[in-house]
Amino acid sequence: MAPNEMNASANRAAEETTLKQQLVDCIRMLERNEIMDYNGHASIRLADDRILINSGPCQRSQLTVDDVCVIDLEGNQLAGKDNAPLERHLHCGIYRVRPDAKAIIHCHPKWSTYLTMVGQAYQPVYAQGSLVHPVPLLDSPNSINNRQMADWLASTLGDRPAALLKSHGAVTVGRDIVEAFTLMNYMEENAMRQYMALQIGKPYVFTDDEMRLCRDKLWNAGLFQRTWDHFRAKLG
Ligand SMILES: [Zn+2]
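Per chain, residue numbering runs from 1 following the sequence as it is written. This being a predicted model, a pLDDT of at least 70 is required before a residue's local features are given, and a value of 80 or more before pairs of side-chain atoms are given or counted; all residues contribute to the totals for chains, interfaces and linings. The side-chain numbers reported here are obtained from all heavy atoms of the structure, hydrogens and water having been left aside.

**Student:** Looking at this structure, I do not really get the sheet that holds strand β5 (residues 103-107). What am I missing?
**Tutor:** Each strand in a sheet pairs with its neighbour through backbone hydrogen bonds, running either in the same direction (parallel) or in the opposite one (antiparallel). Any two strands are treated as partners once DSSP identifies two or more bridges connecting them. Put simply, DSSP H or I for four residues or longer makes a helix, DSSP E for two residues or longer makes a strand, and each gets a number counted from the N terminus. On the basis of which strands lie adjacent, the open sheet formed by eight strands has the order β4-β3-β2-β1-β5-β8-β7-β6 and mixed pairing. The two strands at the open ends of the sheet, each matched to only one other strand, are β4 (77-79) and β6 (137-138). In the sheet, strand β2 (residues 51-54) pairs with strand β3 (residues 68-71) via four bridges, with the strands oriented antiparallel. Looking across to β3, one finds that Ile51 is bridged to Ile71. Packing against the sheet, helix α1 (residues 3-32) makes contact with β1 (41-45), β2, β3 and β5, and its axis sits at approximately 35 degrees to β2. Whether two residues are in contact is decided by their heavy atoms, any of which lying within 4.5 Å being enough. Only the contacting stretch of a helix is used when fitting its axis, a line to C-alpha atoms as for every element, and angles between N-to-C directions run 0 to 180 degrees.

**Student:** What should I look at first to understand the packing of aromatic side chains in this one?
**Tutor:** Geometry of an aromatic ring pair is reported as the spacing of the ring centres plus the angle between the planes. Two aromatic rings from Phe, Tyr or Trp, using only the six-membered ring of Trp, form a pair when their centres are within 6.5 Å; if the ring planes differ by under 30 degrees the pair is stacked, by over 60 it is edge-to-face, and anything between is tilted. By the definition in use, this model includes eight aromatic pairs. With a centroid separation of 5.8 Å and 75 degrees between ring planes, the pair formed by Phe181 and Phe231 is classed as edge-to-face. Here Phe231 lies in helix α7 (residues 221-235) and Phe181 lies in helix α5 (residues 177-200), a separation of 50 residues in the sequence. Per residue, the accessibility class of Phe181 equals that of Phe231, and both read buried. The cut-offs for exposure are 20% and 50% of the maximum accessible area for each residue type, with area from a 1.4 Å probe on protein chains only; residues under the lower value are buried, those over the upper are exposed, and the others partly exposed.

**Student:** Is there a simple way to think about the environment of Met192 in this case?
**Tutor:** One can find Met192 in helix α5. The exposure class assigned to Met192 is partly exposed, which follows from its relative accessible area of 24%. The spatial distance from the C-alpha of Met192 to the C-alpha of Leu115 is 9.3 Å, given a sequence separation of 77 residues.

**Student:** Explanation requested: the coordination of the zinc ion in the structure shown.
**Tutor:** Tetrahedral coordination by four donors puts the ideal angle at the metal at 109.5 degrees, and octahedral coordination by six puts it at 90 or 180 degrees. For the zinc ion, the full set of protein donor atoms is Glu87 (OE), His106 (NE2), His108 (NE2) and His168 (NE2), and the range of their distances to it is 2.1 Å. Metal donors: N, O and S atoms at distances within 2.8 Å, or within 3.2 Å for Na, K and Ca, with water omitted from the atom set so that some sites may seem incomplete. In short, tetrahedral needs four donors with all angles between 85 and 135 degrees, square planar needs four and octahedral six donors with opposite donors over 155 degrees apart and all other angles between 65 and 115, and whatever is left is irregular. Metal-centred angles of 92 to 132 degrees between the four donor atoms at the zinc ion mark the site as tetrahedral. The sequence pattern describing where the donors of the zinc ion fall on their chain is E-x18-H-x1-H-x59-H. Residue Glu87 is located in the loop between β4 and α2 (88-97), and its partner His108 is located in the loop between β5 and α3 (110-117); the two are separated by 21 residues in the primary sequence.

**Student:** I'm lost on the environment of Gln22 in this one. Help?
**Tutor:** By secondary structure assignment, the location of Gln22 is in helix α1. According to the relative accessible area criterion, Gln22 is partly exposed, its value standing at 25%. For Gln22 and Ser143, which are 121 residues apart along the polypeptide, the C-alpha to C-alpha distance reads 26 Å. In this structure Gln22 touches Ile177, Val178 and Trp228, once residues within four positions along its chain are discounted.

As structure tokens, this is what we get:
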């Protein structure tokens, strides 16, 4: 191998290691924040369309880079000491039709799922919550563990950054893992505030103009990174 090819190969390997660590941090932060339980998963798409994803049986709160698997766009396992999750198809289905998607999170967070259980539409009740609005809903509680369900979810999601799955969970899509993580946080926080407000009255819902102002101000890589850093610092 020529020296410049060796350098390029070493750079790719170093970048992959960095992305694996980001994936690990993302899952540990979601678990610490009680957004992800023992079943959730997150992924990052590499430049060659291989996908980094945590293994199914891994301990989310104690995750390390050794728990990260590599799969292809069809869900075939390429590397990893344990198997990728059964719902790996969710990630593959979205990546296949969304070239802009570089990172995906799927978990079963309580507050946003409560809304879907009773047919209560997700409504933006605080500024950051408006970034994912409107949130499409997959009208099925079934696991995304086959290609048919994955394609259905991907078409329900369309070009949106987030979707909810009825009586099941949530998915966010980002141009990087920081964006997918931040949007999952904002969506779940908004759902919690909406749920709580509904207990004592009718929550105020942001108008279209107010949401536009929020998106102009808050859809910002610097603010996404600040949100990530806030939760990352708590991991120690
Ligand atoms: Zn699920």
